[in-house]
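# Fold and geometry: a report
What follows is each chain in one-letter form.
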Amino acid sequence: MDLPMKVVTADITTLKVDAIVNAANESLLGGGGVDGAIHRAAGPGLLEECRALGGCPTGKVRVTGGHDLPARWVIHTVGPVWKGGDAGEAELLASCYRRSVGVARELGAGSMAFPAISTGVYGYPPEDAARVAVTTVAGMLKDDPRPEVIFCCFSEESAANHRAAMEG
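Below: a short report on this structure. This is a predicted model, so every value here is computed, not measured.

### A look at the overall build of the protein
- Along its length, the protein carries 5 helices and 6 strands.
- For the protein, the succession of helices and strands along the chain, N to C, is β-β-α-α-β-β-α-β-α-β-α.
- Taken against the 2.2 N^0.38 rule, which gives 15 Å for 168 residues, the C-alpha radius of gyration of the protein at 14 Å falls within 12% of a compact globule.
- Considered along the principal axes of its C-alpha atoms, the protein spans approximately 40 × 35 × 25 Å.
- Expressed as a percentage of its 168 residues, the buried residues of the protein come to 49%.
- Across the protein, contacts joining residues at least 24 apart in sequence account for 67% of those joining residues at least 6 apart.
- Accessible surface, the protein as shown: approximately 7700 Å² in total, 51% of it carbon and sulfur.
- Averaging the locations of the 15 positively and 20 negatively charged side chains of the protein gives two centres separated by 4 Å.

### A word on the nonpolar core
- The biggest cluster of nonpolar side chains holds 35 residues, and the ones touching the most others in it are Met5, Met112, Phe114, Val137 and Phe151.
- Sorting the residues of this core by element identifies strand 1 (5-9), strand 2 (19-23), strand 4 (73-77), helix 3 (89-107), strand 5 (111-114), helix 4 (126-143), strand 6 (148-153) and helix 5 (156-167) as the ones contributing at least two each.
- Take this core: its biggest share by element is 9 residues, from helix 4.
- The next biggest cluster of nonpolar side chains, apart from the first, holds 18 residues, and it includes Ala42, Leu69, Ala113 and Ile150.

### Digging into the sheet that holds strand 3 (residues 61-65)
- Within the open sheet, the 6 strands sit side by side as 1-6-5-2-4-3. Their pairing is mixed. On the outer flanks of this sheet lie strand 1 and strand 3, each paired with one strand and no other. Neighbour-to-neighbour, the strand axes of the sheet open up by a mean angle of 25°, direction not taken into account.
- Taken together, the 5 bridges between strand 2 and strand 4 define a ladder with parallel strand orientation. Bridge pairing in strand 4 links Asn22 to His76.

### As for the environment of His39
- Note that His39 resides in helix 1 (residues 33-42).
- Residue His39 is classed as buried on the basis of its relative accessible area, which comes to 10%.
- Counting along the chain gives 10 residues from His39 to Leu29, while the straight-line C-alpha distance between them is 8.3 Å.
- His39 has contacts with Asn22, Leu28, Leu29, Gly30, Leu46, Leu47 and Cys50, leaving out every residue within four places of it along the chain.

Quick notes on the rules
- Residues numbered from 1 in each chain as written.
- Predicted model: local features only at pLDDT ≥ 70, side-chain atom pairs only at ≥ 80, totals over all residues.
- Heavy atoms only, no water.
- Helix = DSSP H or I, 4+ residues; strand = E, 2+ residues; numbered from the N terminus.
- Rg over C-alpha atoms; globule rule 2.2 N^0.38 Å.
- Buried < 20%, exposed > 50% of the residue type's maximum accessible area, 1.4 Å probe, protein only.
- Contact = heavy atoms within 4.5 Å.
- Areas by Shrake-Rupley, 256 points an atom, 1.4 Å probe, with all protein chains shown as cover.
- Lys, Arg positive; Asp, Glu negative; His and termini not counted.
- Charge placed at Lys NZ, Arg CZ, Asp CG, Glu CD.
- Core = buried A, V, L, I, M, F, W, Y, C linked by side-chain atoms within 4.5 Å.
- Pairing = 2+ DSSP bridges.
- Axes fitted to C-alpha atoms, helices over the stretch in contact; angles between N-to-C directions.

Below, the structure written as structure tokens:
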């Protein structure tokens with residue numbers, strides 16, 4: 001695939017991109033994993049702005065400013081909890097990626113970074129999640145190559161899953 005996508009192993013809170021995606025919970029009030037890291041790095045203004053949003057349903061997105069992050073915006077999305085694969089998880093996860101790219105385009109973002117949504121405490125099998133992520137984003141970028149998308153993985157294992165999905 002010759003699309004504006006790449007995989008990096010890094011801390012998403014340090015990336016100099018226009019928008020980062022937060023794998024949030026429905027409350028949007030912070031949590032563990034990448035969500036907690038983004039809230040800590042962004043500072044108290046992010047929590048204040050999130051409180052005013054009133055939450056976010058699974059598969060949808062909400063946008064806030066980046067506050068103390070290098071990114072201008074944070075696109076919050078709530079991935080599905082893995083329930084075995086027969087509860088619409090793949091479609092909900094794809095919706096997270098589709099809607100996030102769509103919002104980034106509306107914002108005029110030239111670059112954005114995704115974490116591996118739902119693969120932490122939500123238990124989505126990482127290889128399957130990487131396939132959904134890459135396939136969904138690639139499908140969107142075929143027609144319109146904006147924005148540049150970075151799959152920002154916390155571990156080398158996650159990065160390998162995303163690279164394999166890009167090659168497959």
